[in-house]
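Structural description and commentary
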Amino acid sequence: MNIDNIRITFSKSLAGLLSLPLLVMLAGCHTDMWVQKKVDHPFARSTFFPDQSSARMPVPHTVAMGQVPYNDPYDTGMIANSPGGSIAETGVSRGRFVNAFPFKVTKQDMLRGQSQFNIYCSPCHGVLGDGNGMVAIRGFVHQKPANFHTERLINAPVGHFFDVITNGYGIMYSYASSIPNPRDRWDIAAYIRVLQFSQNAPLSVVPKSRMKELMSSGSDTSKPVVSGEPSTASEGAQ
Ligand code: HEC
């Protein structure tokens, strides 16, 4: 017997020796899940819970993914099932758009709306909401992003803007997942109203303190200039 044979015999018996406890351990892993305690049939009585019901109720106020409370205008921008509504692709009956904000809009809301608008909407609709954002300038040749200063959109109810952000419109996709908080969507709608007002406001609404600034800006003075922040003049926009 040469040394190599000895090595093989030795390693074979070592492997056998080691595999024995492994086998015993593996056998122990066989936990019969089919014999453990469980509810055999749906809705069977259970002694585990105090109310003896095996089916559990969802935690209070649970909202399933994709399921929103469709009856609150705050979540939809419309009065549910009211006449004049259409049926959305989801099959949910849509109502008439509300034409009032579901809360008192503050300056804070408008500032929040401004920042959200500039992040999510201005690339296409432009910082003035005239549809001349950078993306629109460089692409979108067939369908331009909307200009919010048309008569139709100036007269559109605020609920419509909330709905466009939530569900998309035409080729514009939904921003519901990017802007999950309904309050932010309302704030953007409020800021759209600010923009609409700013682009169509008469000179008489410009506060005297800012008139000089406006006149010296060297631009077309037939229309007030929109500064980076909503001015005091635009606060009356709601
Ligand atoms: C990627 C480009 C893009 C972005 C970003 C975008 N939009 Fe649009 N939007 C469009 C286009 C394109 C249309 C025209 C869609 C059509 O008519 O098919 C449109 C249309 C609209 C309309 C007009 C609906 C009508 O009644 O005609 C509104 C209002 C609107 N967008 C609001 C918003 C708001 C608010 C945001 C930000 C949350 C936003 N959009 C972000 C491209 C964009």
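Residues numbered from 1 in each chain as written. Predicted model: local features only at pLDDT ≥ 70, side-chain atom pairs only at ≥ 80, totals over all residues. Heavy atoms only, no water.

1. A closer look at the site of the ligand
Around the ligand, a shell composed of 25 residues is seen, among which Cys 121, Cys 124, His 125, Arg 152 and Met 172 lie nearest. Between an oxygen atom of the ligand and a side-chain N or O atom of Gln 143, the distance comes to 3.4 Å. In the model, an oxygen atom of the ligand is placed 3.0 Å from a nitrogen or oxygen of the Ile 171 main chain. Of all elements in the fold, only α4 (122-125), α6 (151-155), α7 (158-167) and α8 (182-200) reach the threshold of two or more residues within the shell around the ligand. Looking at the shell around the ligand, the element that brings in the most residues is α7, giving four residues. Looking at side-chain class alone, the shell around the ligand contains 19 nonpolar, four polar and two charged residues. (Near = heavy atom within 4 Å. Polar contact = N/O pair within 3.5 Å; in protein donor to acceptor, adjacent residues only side chain to side chain. Helix = DSSP H or I, 4+ residues; strand = E, 2+ residues; numbered from the N terminus. Nonpolar A, V, L, I, M, F, W, Y, C, P; charged D, E, K, R; others polar.)

2. Here we look at the coordination of the iron atom of the ligand
Tetrahedral coordination by four donors sets the ideal angle at the metal to 109.5 degrees; octahedral coordination by six donors sets it to 90 or 180 degrees. Coordination sphere of the iron atom of the ligand, protein contribution only: His 125 (NE2) and Met 172 (SD), at 2.0 to 2.1 Å. Given six donor atoms and angles of 85 to 178° at the metal, the environment of the iron atom of the ligand is assigned as octahedral. Placement of His 125 in helix α4 and of Met 172 in the loop between α7 and α8 is noted, with a sequence separation of 47 residues between them. Here His 125 falls in the buried class, since its relative accessible area comes to 10%. (Donors = N, O, S within 2.8 Å, 3.2 Å for Na, K, Ca; no water. Tetrahedral: all angles 85-135°; square planar, octahedral: opposite > 155°, others 65-115°. Buried < 20%, exposed > 50% of the residue type's maximum accessible area, 1.4 Å probe, protein only.)

3. What to know about the packing of helix α3 (residues 107-120) against α8
When two helices pack together, their arrangement is captured by the angle between the axes and the distance separating the axes. Taken N-terminus to C-terminus, the directions of α3 and α8 make an angle of 90°; their axes are 7 Å apart at the nearest point. By the angle between their axes, α3 is roughly perpendicular relative to α8. Across the interface between the two elements, Asp 109, Met 110, Arg 112, Gly 113, Gln 114, Gln 116 and Phe 117 from α3 touch Arg 183, Asp 184, Asp 187, Ile 188, Ala 190, Tyr 191, Ile 192, Val 194 and Leu 195 from α8. Here the contact of α3 with α8 is composed, by residue class, of eight nonpolar, three polar and five charged. (Axes fitted to C-alpha atoms, helices over the stretch in contact; angles between N-to-C directions. Parallel < 35°, antiparallel > 145°, perpendicular 65-115°, else oblique. Contact = heavy atoms within 4.5 Å.)

4. Thoughts on the nonpolar core
Core analysis: the largest hydrophobic core is formed by 24 residues, its most contacted members being Phe 101, Val 105, Phe 117, Phe 161, Trp 186, Ile 188 and Ile 192. Among the secondary structure elements, those contributing two or more residues to this core are α3, α7 and α8. When residues in this core are grouped by element, the largest group, eight residues, is from α8. The contact partners of Phe 117, leaving out residues within four places of it in the chain, are Ser 122, His 125, Gly 126, Val 127, Gly 129, Phe 148, Ile 188, Tyr 191, Ile 192 and Leu 195. (Core = buried A, V, L, I, M, F, W, Y, C linked by side-chain atoms within 4.5 Å.)

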